[in-house]
Amino acid sequence: MATLSPFLSKTPLSNTPTISFSSTISTPLKWKSITSFSPSGSSSSRSRRRIFIVQSKIREIFMPALSSTMTEGKIVSWIKSEGDVLSKGESVVVVESDKADMDVETFYDGILAAIVVPEGESAPVGAAIGILAETEAEVAQAKAKAASAGAAAPASHPVASTPVPAVSPPEPKKVAESAPSGPRKTVATPYAKKLLKQHKVDINSVVGTGPFGRITPEDVEKAAGIAPSKSVAPSAAPAALPKPAPAVAPAAPLLPGSTVVPFTTMQAAISKNMIESLSVPTFRVGYPIITDALDALYEKVKPKGVTMTALLAKAAAMALVQHPVVNASCKDGKSFTNNANINIAVAVAINGGLITPVLQDADKLDLYLLSQKWKELVEKARSKQLQPHEYNSGTFTLSNLGMFGVDRFDAILPPGQGAIMAVGASKPTVVADADGFFSVKSKMLVNVTADHRIIYGADLAAFLQTFSKIVENPESLTL
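Residues numbered from 1 in each chain as written. Predicted model: local features only at pLDDT ≥ 70, side-chain atom pairs only at ≥ 80, totals over all residues. Heavy atoms only, no water.

Draft legend 1. Expanded view of the overall build of the protein. Within the protein, the secondary structure is distributed over 11 helices and 20 strands. Nonlocal contacts in the protein, meaning residues at least 24 apart in sequence, comprise 61% of its contacts between residues at least 6 apart. In the form shown here, the protein has an accessible surface area of approximately 27,800 Å², with 58% of it arising from carbon and sulfur atoms. (Helix = DSSP H or I, 4+ residues; strand = E, 2+ residues; numbered from the N terminus. Contact = heavy atoms within 4.5 Å. Areas by Shrake-Rupley, 256 points an atom, 1.4 Å probe, with all protein chains shown as cover.)

Draft legend 2. Looking closely at the sheet that holds strand β5 (residues 72-78). What the four strands build is an open sheet, ordered β8-β7-β5-β10; its pairing is antiparallel. Taken across any chain shown, the strands that pair with only one partner, and hence form the sheet edges, are β8 (101-105) and β10 (122-124). Averaged over all neighbouring strand pairs, the angle between strand axes comes to 40°, with direction disregarded. Bridge analysis of β5 against β10 gives three bridges, and the strand direction is antiparallel. In the strand pairing of β10, K74 is matched with S122. (Pairing = 2+ DSSP bridges. Axes fitted to C-alpha atoms, helices over the stretch in contact; angles between N-to-C directions.)

Draft legend 3. Looking closely at the packing of aromatic side chains. Inspection of the entire model under this criterion finds two aromatic pairs. Ring geometry for F463 versus F467: centroids 6.4 Å apart, planes at 25°, classification stacked. Linking F463 with F467, this pair stays in helix α11 (residues 457-472), spanning four residues, or about one helical turn. A single burial state applies to F463 and to F467, both of which are buried. Taken together through their ring pairs, the aromatic side chains of F396, F463 and F467 make up a single cluster. (Phe/Tyr/Trp six-rings, centres within 6.5 Å; stacked < 30°, edge-to-face > 60°. Buried < 20%, exposed > 50% of the residue type's maximum accessible area, 1.4 Å probe, protein only.)

Draft legend 4. Quick peek at the packing of helix α3 (residues 190-199) against helix α4 (residues 217-224). At a minimum axis distance of 8 Å, the contact between α3 and α4 shows a crossing angle of 20°. Comparing the axis directions of α3 and α4 gives the class roughly parallel. Pair α3 / α4 crosses with right-handed handedness. Residue-level inspection shows Y191, A192, L195, L196 and H199 of α3 in contact with α4, the latter providing P217, V220, E221 and A224. In terms of residue class, the contact of α3 with α4 is built from seven nonpolar, one polar and one charged. (Parallel < 35°, antiparallel > 145°, perpendicular 65-115°, else oblique. Left-handed = near helix turned anticlockwise from the far one by under 90°. Nonpolar A, V, L, I, M, F, W, Y, C, P; charged D, E, K, R; others polar.)

Draft legend 5. Summary view of the pattern of salt bridges. Tallied over the entire structure, the rule returns six salt bridges. Linking E276 and K272 is a salt bridge whose minimum nitrogen-to-oxygen distance equals 3.9 Å. On the criterion of helical spacing, the pair formed by E276 and K272 is a turn pair, its members being four residues apart in helix α7 (residues 265-277). You can call E276 partly exposed: its relative accessible area is 39%. The shortest N-O distance in the salt bridge between K380 and E390 comes to 2.9 Å. Separated by 10 residues along the polypeptide, K380 in helix α10 (residues 367-382) and E390 in the loop between α10 and β17 (396-400) bring together distant segments of the chain. (Salt bridge = Lys/Arg side-chain N within 4 Å of Asp/Glu carboxyl O.)

Draft legend 6. How the structure looks around unusual backbone geometry. Positive phi, close to 50°, is recorded for D361, a residue that is not glycine. Within the element layout of this structure, D361 appears in the loop between β16 (358-359) and α10. With relative accessibility at 23%, the residue D361 sits in the partly exposed group. Even without glycine at this site, K384 takes up a positive phi of about 55°.

Draft legend 7. Molecular detail of the environment of L320. As for its position among the elements, L320 is in helix α9 (residues 308-322). We classify L320 as buried; its relative accessible area is 1%. C-alpha separation for the pair L320 and F396, spaced 76 residues apart in sequence, amounts to 8.9 Å. If we ignore the near neighbours within four places in the chain, the residues touching L320 are V326, N327, I342, I344, F396 and F463.

Draft legend 8. Highlighting the pairing of β5. Note that β5 and strand β7 (residues 91-96) share four bridges and pair antiparallel. Among the inter-strand pairings, I75 is bridged to a residue of β7, identified as V95.

Draft legend 9. Just the confidence of the model for the protein, in detail. Residues of the protein with pLDDT of at least 70 account for 74%, and the chain-wide mean is 78. Long-range and interchain partners of residues 1-47, a stretch whose pLDDT sits below 50, account for 75 contacts in this model, where long-range means more than four residues apart. (pLDDT = per-residue confidence, 0-100.)

Right, dumping it as structure tokens:
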């Protein structure tokens, strides 16, 4: 808590920006003037001074933004219960973001007075999920604020879903009365104001259905009990509107025994990213690579904890050093970024979704340290404990389905990256050499999907040639 300065004036203290998920919602410092007298009792010695009365604070615990793509979070569990005393830096709640579960700490000492969003429910980023009181004296007031917040939240849903218009008007009034920010200005269109005056309707009794609650002429006519004056005009429109209606109607009924399962937070994030990737013009290039030497190296280093994923990531990173354009990214369609770091993101399937842990500076780490780092990332990914920088900082992605026997596939380009490599299984294949002799060698196919705005066919072909040479002569991977 900030300390009081002897130079405080009547002006309330301003809020300074802090990195915190709590916000002070108590009133500013109150003051009062008292008259003090000197021992002589003379009127000239009489002076006035101000004494500040410091009030305890009630803070809202906000849903934090745990990643740049997070728009809402789900409460996995409350570590603390209502009434528990909290210390600064102590974990309070576990929140599921679009990629991981993370403990959220408090930045203040106090008492967890009320839980607004219970376990298993979701809230948008910035919404209040709990109320923190500084002292026991403020707990009751904090509970009252939590109750008003809880009443306001459900009020927003019935307005959109209930068919009875008479139920929705009173509820916004209650929300407005409980809002700490004071009365809000009611906005009406010019024609609606004219109708309000003509029909002598109180503007406060009308609920606006226009954008941001704006009162429309139809709202006024409805409040006045008259039939809408525009009821005749739209009659021609419905004749044309039924044509698009069938586009929404073809929602086929569910088959017997079927159920609708809503997306989890992670699945919703994946869906959003996949739709976003459709706006990027991409192309694909495939390349066959002989893997006999890589397979032999893998058998040697496998007992030391090295995985095939680490070998492929290291090879990709070394090739990207020679072809930095493949490591670039374009996010706004007007410019591109030559990334200074080579961060290899590797797709990992986890329960209920997919995540891409990132091997940062993969070109600078030796093979054994890279393998150790990869094992740590996989463990954290499967326990949903990755930190945001461990899954959203990739500059190039590697997706390997070879362990499932898949010989080839195309990968979807992640938003914000320039290329993604899809690696198939290595399988025995009959190969003819330059002299016409046949032999059986292990061959794998890799397909790279790239952003054609910044990477062209010749760039990708040159990168794949370099990658192939490194894999077919893998001695440099262990240096």
